[in-house]
Amino acid sequence: MSLRSPTLRSALLALIAVALLPIVGAMLYATWHAWSESRDRNTNEVREEAADAATRLSGSIDEARRVLQRLSHDASIIAGDVAACERLTADYRQLHPSFRNVGLIGPDGKLLCSATPLGGPADFSDFPLFREMANAHSLVLRELPREISGKSILACIYPVRDSDGRFRGATFVTLAFRSLADLTIGDRLPPGSTVTLFDNRGMVVLREPDRDGWNGRPAEATATWKLLRSGRLTRATSPDLDGEEMIFGAARIPAKRGQADGWLVAAVPPDLLTEEPRRNFGWQLLGLGATLAAIAGGIWWGIDHYVLHPVRSIEQAARGIASGQVGARSSTSSGAHELTRLGVAFDEMADSLERSLGDTNHALEVVRRSQDRLRTLSRALLEGQEAERSQLARELHDEVGQALTAATLNLDALRAGEAANEGKVDEALDVVKRALNQVRDLSLDLHPSILDDLGLAAALRWYLGRQAERSGIRVSVDANRLDRRLPKPVETACFRICQEAVTNVLKHAGATRVDVAIGVEDGTVRMTVADDGRGFDVDEAHERTRRQPSLGLIGMEERATLLGGSLDVVSRPGEGTEIRVTLPLQEATTEALTT
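Let me begin by describing the structure that accompanies this report.

Calculation notes
- Note that residues are indexed from 1 along each chain, following the sequence as it is written.
- Selection of residues for local features in this predicted model requires a pLDDT of at least 70, selection of side-chain atom pairs for listing and counting requires 80 or more, and totals for whole chains, interfaces and linings are taken over all residues.
- Side-chain descriptors were evaluated using all non-hydrogen atoms of the structure, hydrogens and water having been removed beforehand.
- Helix and strand definitions here come from DSSP, where helices need a minimum of 4 consecutive H or I residues and strands a minimum of 2 consecutive E residues; each element is numbered from the N-terminal end.
- For the exposure calls, accessible area comes from a 1.4 Å probe over protein chains only, and a residue counts as buried if that area is under 20% of its type's maximum, exposed if over 50%, partly exposed in between.
- Pairs of residues are marked as contacts when any of their non-hydrogen atoms sit within 4.5 Å.
- To obtain each axis, a line is fitted to C-alpha atoms, and for helices this fit is confined to the stretch in contact; angles are then taken between N-to-C directions over 0 to 180 degrees.
- For classification purposes, an angle smaller than 35 degrees is called roughly parallel, one larger than 145 roughly antiparallel, one from 65 to 115 roughly perpendicular, and anything else oblique.
- It is the rotation of the near helix from the far one that decides the hand of a crossing: anticlockwise by less than a right angle makes it left-handed, clockwise makes it right-handed.
- Think of it as three bins: nonpolar holds Ala, Val, Leu, Ile, Met, Phe, Trp, Tyr, Cys and Pro, charged holds Asp, Glu, Lys and Arg, and polar takes everything else, Gly as well.
- Here, any two strands with at least 2 DSSP bridges between them count as paired.
- Remark: nonpolar core denotes a set of buried residues (Ala, Val, Leu, Ile, Met, Phe, Trp, Tyr, Cys) joined through side-chain atoms within 4.5 Å.
- Any Phe, Tyr or Trp ring, taking Trp's six-membered ring, that has another such ring centre within 6.5 Å forms a pair; planes under 30 degrees apart are called stacked, those over 60 apart edge-to-face, and the others tilted.
- In this scheme, the term charge over a ring applies when either NZ of a lysine or CZ of an arginine sits within 6 Å of the ring centre and within 35 degrees of the ring normal.
- When two cysteine sulfur atoms are found within 2.5 Å, that pair is recorded as a disulfide.

Points about the overall build of the protein chain
Then, number 1: Of regular secondary structure, the protein chain possesses 16 helices and 15 strands.
Then, number 2: Out of the 595 residues in the protein chain, the part that is buried amounts to 39%.
Then, number 3: Intrachain contacts of the protein chain at a sequence separation of at least 6 include 59% that bridge at least 24 residues.

Things to note about the packing of helix α12 (residues 456–471) against helix α13 (residues 488–509)
When two helices pack together, their arrangement is given by the angle between the helix axes and the distance between those axes.
Then, number 1: In contact at an axis separation of 10 Å, α12 and α13 are set at 15° when each is read in the N-to-C sense. Taken together, the axes of α12 and α13 lie roughly parallel to each other. Relative to α13, the crossing made by α12 is right-handed. When α12 is examined against α13, the residues L456, A459, L460, Y463, L464, Q467 and S471 are found in contact with a partner set consisting of E491, C494, F495, C498, Q499, V502, T503 and L506.
Then, number 2: Taken together, the residues of the contact of α12 with α13 sort by class into ten nonpolar, four polar and one charged.

Considering the pairing of strand β5 (residues 167–176)
Then, number 1: Counting buried positions along β5 gives nine out of ten residues, so the element sits mostly inside the fold.
Then, number 2: In the sheet, strand β1 (residues 99–105) pairs with β5 via six bridges, with the strands oriented antiparallel. Note on β5: the bridge partner recorded for G103 is F172.
Then, number 3: Inspection of the sheet shows strand β4 (residues 153–161) paired to β5 by nine bridges, in the antiparallel sense. Looking at β5, one finds that A155 is bridged to T174.

Here we look at the nonpolar core
Then, number 1: Counting residues in hydrophobic clusters, the biggest one holds 41 residues, and the most contacted among them are L456, I518, V525, M527, L567 and L583.
Then, number 2: Elements with a contribution of two residues or more to this core: α11 (449–453), α12, α13, β12 (513–521), β13 (524–531), α15 (551–562), β14 (566–571) and β15 (577–584).
Then, number 3: For this core, the leading source of residues is α13, giving ten residues.
Then, number 4: Setting aside chain neighbours within four positions, we find L567 in contact with I497, L553, M556, E557, A560, I579, R580 and V581.
Then, number 5: Within the second largest apolar cluster, 34 residues are counted, among which are A53, C113, V173 and L175.

Brief notes about the packing of aromatic side chains
Then, number 1: This model, assessed by the stated rule, comprises three aromatic pairs.
Then, number 2: Between F198 and W225, the ring centres sit 5.6 Å apart and the planes meet at 40°, which makes this aromatic pair tilted. Note that F198 is positioned in strand β6 (residues 194–199) and W225 in helix α7 (residues 223–230), a separation of 27 residues in sequence. By the burial criterion, F198 is buried, and W225 matches it.
Then, number 3: The interplanar angle of 70° and the centroid separation of 5.7 Å between the aromatic rings of Y463 and F495 together place this pair among those described as edge-to-face. Of the two residues, Y463 is situated in helix α12 and F495 in helix α13; the sequence distance between them amounts to 32 residues. Across the pair, exposure class does not vary: Y463 and F495 are buried alike.
Then, number 4: One aromatic cluster is present, built from ring pairs that chain together F198, W225 and W263.
Then, number 5: One Lys or Arg, R217, reaches over the ring of W214 and ends 4.1 Å from the middle of that ring.

Points about the environment of A115
Then, number 1: Tracing the sequence through the fold places A115 in the loop between β2 (111–114) and α4 (128–133).
Then, number 2: For the pair formed by A115 and R87, sequence separation is 28 residues and the distance between their alpha carbons is 8.4 Å.
Then, number 3: Apart from the residues within four sequence positions on either side, A115 is in contact with T89, A90, R93, N101 and V102.

With respect to the state of the cysteines
Then, number 1: According to the stated counting rule, one finds one disulfide in the structure shown.
Then, number 2: Through a disulfide, C85 is tied to C113; the S-S separation comes to 1.5 Å. With a gap of 28 residues between them, C85 in helix α3 (residues 82–95) and C113 in strand β2 connect regions that are remote in the sequence. For the pair C85 and C113, one class covers both residues: buried.

Quick notes on the sheet that holds strand β3 (residues 140–143)
Then, number 1: One open sheet accounts for five strands, arranged β2-β1-β5-β4-β3; its pairing is antiparallel. Unpaired on one side and paired on the other, β2 and β3 mark the two borders of the sheet. Strand-to-strand twist in this sheet, taken as the mean axis angle between neighbours without regard to direction, amounts to 25°.
Then, number 2: Across the sheet, α3 touches β1 and β2, and the angle it forms with β1 is around 165°.

This is the structure in structure tokens:
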């Protein structure tokens, strides 16, 4: 059994799976729904427990805040009156049963009064908590030092300051954290869970159980605190303070002006909430997979024999044809009836393709030869045009020019001999002289001899100088990068393109200046002809040329194309025009040597 064509087999198996999809989907949905409901139910219970505990703790903290604020503003407390302090703390302790203790610590750190006797030291000056309170200005939540309580006791501490803001001591109320939170690990929360109280600066006030000694440590750099402050802690599993992934329930313990005195966070290992539904889900997936595997195995052989074998034959024939073996055929004789017919049709198509390919190759060869002939013809046309212009220039200069010169000499002699005809002779001389100048100008315009004798740079300067004298336009030629003579086809093409471009500027652009730059760079001749005229829309000009053929732009483009180069026209209405010509020097040199 071959495995060389798994894609089609997979597709057929997928079709069978689609037929079973409603049943499989229903099973998967039911399993997932049960698992999701169990997980969400357990997670919501954790969050509700945390919210309830935070509500109870928030009420006790708010109650403690109000008591401590009243104590901190009492004149006898500010003055350090021990008798008044003992009376007030005893009264508040009796009025608020949730308080474990109420007391006052003096500015020197010594205990002045306490509603309930402390079981530990009465001097707090060396405790970090007291030093922190000396700089505080609002309520602070901290764990009561274990040296005093020996238990997880929450201390609500408020600084006492006089009217000048000087520290006069600290009042405190202690609360039983575990009883107020009421989230006993192992009872209401599963083993491995944690309950943590954060203050509003990210300090861990209390944590049960105290893994790795987190009580009193800052947690603002941990992922737990960052996710808690951003509101994303309870959306998915997140790392706990010790780095373990947990499901969290969190509730804020509010204070005045919407600020938080702290957050109560309950964390439960996710595996404990989803263990049973996950196990059931795995067994159901295993059973479903076994069923699908049995079905797939039953149809594997049939697919391979009746479908894949003829398909592979057709594929191999197609690959042979694609690689150039036009005689490859599938020769399909076994398999499904439709695939056998497909193989026969493929072989017939291959026969037809082989015949068509021969015709196409012949047609392509004809087209290629026609293109070569067309390009050769176009080049010959331009070269013949140049040759004709050169011959015409020589004839005008050598024959007509000499004849007119002789006529001028004869007329000069006639004028010297017959004074009566002096007026007519002068008039004839003027006509002859004008004709002579026109012949010379025509000769230079057709093919300036300076282009053959002195090269492209000199010819461009001469031509642009003549146009400047005739039209009054300002011109400049930058040929500093042209340090050698170019092949004749290149010089001729550049001169004619520049001549046509300047002619267009004088006729249509209304420009006051024309700048020409030419040079050789990296084996390429580059020439630009720029003016400051009115400019035009290049796309519209090309479209107009297609509708009404004009030899101007087409001739310039053809000259550049014949030498393997390009001509680009950059222009916008009101922004002038720049013609950029690029000619590969090597190709032009080869062209010159082969013609």
